[in-house]
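Coordinates in review
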There are 2 protein chains.
Amino acid sequence: MRQETLAALKDKGFRLTKIRKFIVEIFYSSEAVPISAPELRTRLLAQNVKANKTTVYRELDFLSDQGIIVEINAGDGKKRYELQRHGHHHHILCLRCSAVECVTIENCALEDQLNSVDLKNFKVTGHALNFFGLCEGCRPYTECR
Amino acid sequence: MRQETLAALKDKGFRLTKIRKFIVEIFYSSEAVPISAPELRTRLLAQNVKANKTTVYRELDFLSDQGIIVEINAGDGKKRYELQRHGHHHHILCLRCSAVECVTIENCALEDQLNSVDLKNFKVTGHALNFFGLCEGCRPYTECR
DNA sequence: TTGACAAATGCAACCTCGTTGCAATATAAT
DNA sequence: ATTATATTGCAACGAGGTTGCATTTGTCAA
Ligand SMILES: [Mn+2]
Ligand SMILES: [Mn+2]
Ligand SMILES: [Zn+2]
Ligand SMILES: [Zn+2]
């Protein structure tokens, strides 16, 4: 999959730089956990790949424009990204440690009704359902920080 | 309502400053539209009330701590606040102009099932359902900016 | 293999939103 | 009017994110 993605980019005239290849690899190997820009930088650094923060932000924009990743909003103020191919689903955020995981609601009656409806004179094009609570490690704590 | 809220604060030993009274008034007169910190500052200024941004942020924290307002997340990265008494409901965000309105889903089958469930080993304590699309004024445009 | 050209990168400077420590001010009870 | 302390303003800081511009690098063709 990673190879096809990279090949497709090259076909379009984009270059397969070291940083780009590492980033694509990181997204493919991070299935159920969306990644923020700062986290991505940290993960690159952990592999001894130094990337300026401007470069990281530009690469996230680029991969989004190319439809390879999508921005998700888990309910805290931070943008995270994940592979677009994962399709529509939802997210859960730990209020204490900010961990985020992807969740899929089974038999979600709303899904079919949520989109394409008119709400408050808005033309609705999508929705996001975020859960929050305490992750396994944070359950012992009351909440936050 | 505003008067009771202010009186209750005074009973607890807090002071009814000019800025605090204006802010409470603004929230009570802004029923279906949550307000961000920068917006709140602007609205104060429009009434010739100059408030340092630190003061505005501190007042939002204070009113949240007092249970008078709650922070809501409409899906863009920005924190907004609204009266707590409005109770649980959802929000819709315009992808072009960032306008936010409150929405209540009628016959929402999910509501009863969404909370108090275990997801991914998380202890779920709440959820947020955000819609996005184009507001009435932005409908003519394709999207964004 | 070597150039050439455009894509990608790094850097510095800037922006918005939000926070902190501390000194100055204002509310409200006496 | 005094006083205690809640509140405010200010300056400085920090994270996350963006922009303009000069430099580097990937790609391809000679
Ligand atoms: Mn996801
Ligand atoms: Mn609302
Ligand atoms: Zn946690
Ligand atoms: Zn709009």
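Let us look at the structure shown here.

Definitions and cut-offs
- Residues numbered from 1 in each chain as written.
- Chains lettered and ligands numbered in written order.
- Predicted model: local features only at pLDDT ≥ 70, side-chain atom pairs only at ≥ 80, totals over all residues.
- Heavy atoms only, no water.
- Core = buried A, V, L, I, M, F, W, Y, C linked by side-chain atoms within 4.5 Å.
- Buried < 20%, exposed > 50% of the residue type's maximum accessible area, 1.4 Å probe, protein only.
- Helix = DSSP H or I, 4+ residues; strand = E, 2+ residues; numbered from the N terminus.
- Contact = heavy atoms within 4.5 Å.
- Axes fitted to C-alpha atoms, helices over the stretch in contact; angles between N-to-C directions.
- Parallel < 35°, antiparallel > 145°, perpendicular 65-115°, else oblique.
- Nonpolar A, V, L, I, M, F, W, Y, C, P; charged D, E, K, R; others polar.
- Salt bridge = Lys/Arg side-chain N within 4 Å of Asp/Glu carboxyl O.
- Donors = N, O, S within 2.8 Å, 3.2 Å for Na, K, Ca; no water.
- Tetrahedral: all angles 85-135°; square planar, octahedral: opposite > 155°, others 65-115°.
- Polar contact = N/O pair within 3.5 Å; in protein donor to acceptor, adjacent residues only side chain to side chain.
- Near = heavy atom within 4 Å.
- Pairing = 2+ DSSP bridges.

A few words on the nonpolar core. Ranked by internal contacts, the top residues of the largest apolar core, which has 23 residues, are Ile92 and Phe131 of chain A together with Ile92 and Phe131 of chain B. Elements represented by at least two residues in this core include exactly strand 4 (90–94) and strand 7 (122–134) of chain A together with strand 3 (90–94) and strand 6 (122–134) of chain B. Residues in contact with Ile92 of chain B, not counting those within four places in the same chain, are Leu119, Phe122 and Val124 of chain A together with Ala99, Val100, Glu101, Val103, Phe131 and Phe132 of chain B.

Turning next to the packing of helix 2 (residues 18–28) of chain A against helix 3 (residues 37–46) of chain A. All names here are of chain A. Axis separation between helix 2 and helix 3 bottoms out at 11 Å; the angle between their running directions is 110°. If you check the angle between helix 2 and helix 3, you find them roughly perpendicular. Seen from helix 2, the contacting residues are Phe22, Ile23, Ile26 and Phe27; seen from helix 3, they are Leu40, Arg43 and Leu44. Considering only residue class, the contact of helix 2 with helix 3 consists of six nonpolar, no polar and one charged.

A side chain of one charge can pair with a side chain of the opposite charge if their charged atoms are brought near each other. Residues and elements named next belong to chain B. Applying the stated criterion across every chain yields a total of eight salt bridges over all chains. Across the pair Arg85 and Glu31 runs a salt bridge whose closest N-O atoms are separated by 3.2 Å. Separated by 54 residues along the polypeptide, Arg85 in the loop between strand 2 (79–83) and strand 3 and Glu31 in the loop between helix 2 (18–28) and helix 3 (37–46) bring together distant segments of the chain. Looking at Arg85, the relative accessible area reads 42%, which means it is partly exposed. When its relative accessible area of 40% is taken as the criterion, Glu31 is described as partly exposed. Between Asp76 and Arg80 there is a salt bridge; the shortest N-O distance is 3.0 Å. Under the relative-accessibility criterion, Asp76 is labelled buried at 14%.

What follows is about the coordination of the zinc ion (ligand 3). For a metal with four tetrahedral donors the ideal donor-metal-donor angle is 109.5 degrees, whereas six octahedral donors ideally subtend 90 or 180 degrees. Residue and element names in this part refer to chain A. Every protein donor of the zinc ion (ligand 3) is accounted for by Cys94 (SG), Cys97 (SG), Cys135 (SG) and Cys138 (SG), and the metal-donor separations fall at 2.2 to 2.4 Å. In this structure, the zinc ion (ligand 3) is surrounded by four donor atoms whose angles at the metal cover 101 to 114°, and the resulting shape is tetrahedral. Look at Cys97 and you get partly exposed, because its relative accessible area is 40%. By relative accessible area, which is 12% here, Cys135 ends up buried.

The next subject is the interface of chain A and chain B. Of the residues lining the interface, 36 residues belong to chain A; the matching set on chain B comes to 36 residues. Linking chain A to chain B there are zero salt bridges. Remark: the boundary between chain A and chain B carries 14 residue pairs in polar contact (both at pLDDT 80 or more). For the side of chain A that touches chain B, the secondary structure elements donating two or more residues are strand 4, strand 5 (100–103), strand 6 (118–119) and strand 7 of chain A. Looking at which element gives the most residues to the side of chain A that touches chain B, the answer is strand 7 of chain A, with 13 residues. When the residues that make up the side of chain A that touches chain B are grouped by side-chain class, the tally is 20 nonpolar, nine polar and seven charged.

All names here are of chain B. All of the protein donors around the manganese ion (ligand 2) are Glu82 (OE), Glu82 (OE), His89 (NE2), His91 (NE2) and Cys102 (SG); their distances to the metal are 2.0 to 2.7 Å. Expressed as a motif, the donor residue spacing for the manganese ion (ligand 2) is E-x6-H-x1-H-x10-C. Side by side, Glu82 and His91 carry an identical accessibility label, which is buried.

Attention now goes to the protein's contact with DNA strand C. The immediate surroundings of DNA strand C are formed by 22 residues, with Arg15, Arg20 and Arg58 of chain A together with Arg15 and Lys53 of chain B found nearest. Here a base oxygen of DNA strand C and a side-chain polar atom of Arg58 of chain A are 2.6 Å apart. Between DNA strand C and the protein, one listed contact pairs a base oxygen with a side-chain N or O atom of Thr54 of chain B at 3.2 Å. Of all the secondary-structure elements, those providing two or more residues to the surface near DNA strand C are helix 2 and helix 4 (53–65) of chain A together with helix 3 and helix 4 (53–65) of chain B. Across the surface near DNA strand C, the residue classes tally to seven nonpolar, five polar and 10 charged.

With that settled, consider the sheet that holds strand 3 (residues 79–83) of chain A. Residues and elements named next belong to chain A. What the three strands build is an open sheet, ordered 1-3-2; its pairing is antiparallel. At either margin of the open sheet sits one strand with a lone partner, and together these are strand 1 (35–36) and strand 2 (69–73). Summarising the sheet, strand 2 and strand 3 pair through five bridges and their orientation is antiparallel. If you follow Glu71 over to strand 3, its bridge partner there is Tyr81. Lying over the sheet, helix 2 contacts strand 1, strand 2 and strand 3, oriented at roughly 80° with respect to strand 3.

Moving on, we come to the protein's contact with DNA strand D. Close to DNA strand D lie 24 residues; Arg15 of chain A together with Arg15, Arg20, Thr55 and Arg58 of chain B are nearest. Sugar and phosphate atoms constitute 51% of the interface atoms of DNA strand D, taking the interface as everything within 4 Å of the protein. With respect to DNA strand D, the backbone of Leu16 of chain A contributes an N or O atom lying 2.9 Å from a phosphate oxygen. Listing elements by their share of the surface near DNA strand D, those giving two or more residues are helix 3 and helix 4 of chain A together with helix 2 and helix 4 of chain B. Taken together, the residues of the surface near DNA strand D sort by class into seven nonpolar, six polar and 11 charged.

Read these as geometric descriptors, not functional statements.
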